[in-house]
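So you can see what is in the structure, the chains are spelled out below.
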Amino acid sequence: MGLAERRAVKAFQDNKLPALKQEIDAAAGFEVNLEVNWDAIAKEDQAHMYEEAFLKVYFKPLIEALKAICIDDLGKEALRDGLKKVVITDNNKQEVTFQFGTLTISFYSIYNLDGWADRKAEIQTVLEKGL
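All values derive from a computational prediction rather than experimental measurement.

### Let's talk about the packing of helix α1 (residues 3-15) against helix α2 (residues 17-28)
Pairs of packed helices are described in terms of their axes, by the angle between the two and the distance that separates them. Where α1 contacts α2, the axes come no closer than 4 Å and their chain directions differ by 50°. Considering the angle they form, α1 stands oblique to α2. Counting all contacts with α1, which are made through Phe12, Gln13, Asp14 and Asn15, the residues of α2 involved are Leu17, Pro18 and Leu20. Its residues placed into classes, the contact of α1 with α2 shows four nonpolar, two polar and one charged.

Next comes the structure, spelled out in structure tokens:
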């Protein structure tokens, strides 16, 4: 990761991540253990896209999926009891997994930014099946 990418990641971490983390926790109803693999999602020569891309590819779909699961007490309880950690990464696969309480979200970080609703549906489906 070059200097431009490190600067863009730091700007996102400082200026956007705190509010997004609050939204995640509010949607889930508890403090979610969140791990972001910044080195994996920060693509070279794409620093100008990070703010929009990270939001639309990872955070908005996650927040909306959590809100959808927590529409009732049954969903809130299942999520609170089952979700131990969320990992955000880009391991060159488009996949969402939920194993041993860890939800791993791996999407191409700068691809199909406007397809957030499909990613939300995938996150929600995987979580609901695993809870």
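And the narrative resumes.
### A few points about the pairing of strand β2 (residues 85-89)
Counting buried positions over the five residues of β2 gives four, a clear majority of the element. One ladder, built from three bridges, connects strand β1 (residues 34-36) with β2; its direction is parallel. Counted as the bridge partner of leucine 34 is valine 86 from β2. With five bridges joining them, β2 and strand β4 (residues 102-106) adopt parallel strand pairing. From the neighbouring strand, isoleucine 88 faces β4, where its bridge partner is isoleucine 105.

### Notes on helix α4 (residues 50-69)
Given a rise of 1.5 Å per residue, 20 residues ought to cover 28 Å, and the 27 Å separating the end C-alpha atoms of α4 matches this to within 8%. Considering bend angle alone, the principal kink of α4 is centred on lysine 56 and spans about 40°.

Analysis parameters
- Residues numbered from 1 in each chain as written.
- Predicted model: local features only at pLDDT ≥ 70, side-chain atom pairs only at ≥ 80, totals over all residues.
- Heavy atoms only, no water.
- Axes fitted to C-alpha atoms, helices over the stretch in contact; angles between N-to-C directions.
- Helix = DSSP H or I, 4+ residues; strand = E, 2+ residues; numbered from the N terminus.
- Parallel < 35°, antiparallel > 145°, perpendicular 65-115°, else oblique.
- Contact = heavy atoms within 4.5 Å.
- Nonpolar A, V, L, I, M, F, W, Y, C, P; charged D, E, K, R; others polar.
- Buried < 20%, exposed > 50% of the residue type's maximum accessible area, 1.4 Å probe, protein only.
- Pairing = 2+ DSSP bridges.
- Expected span 1.5 Å × (residues − 1).
- Bend = angle between axes of the 7 residues up to and from the residue.

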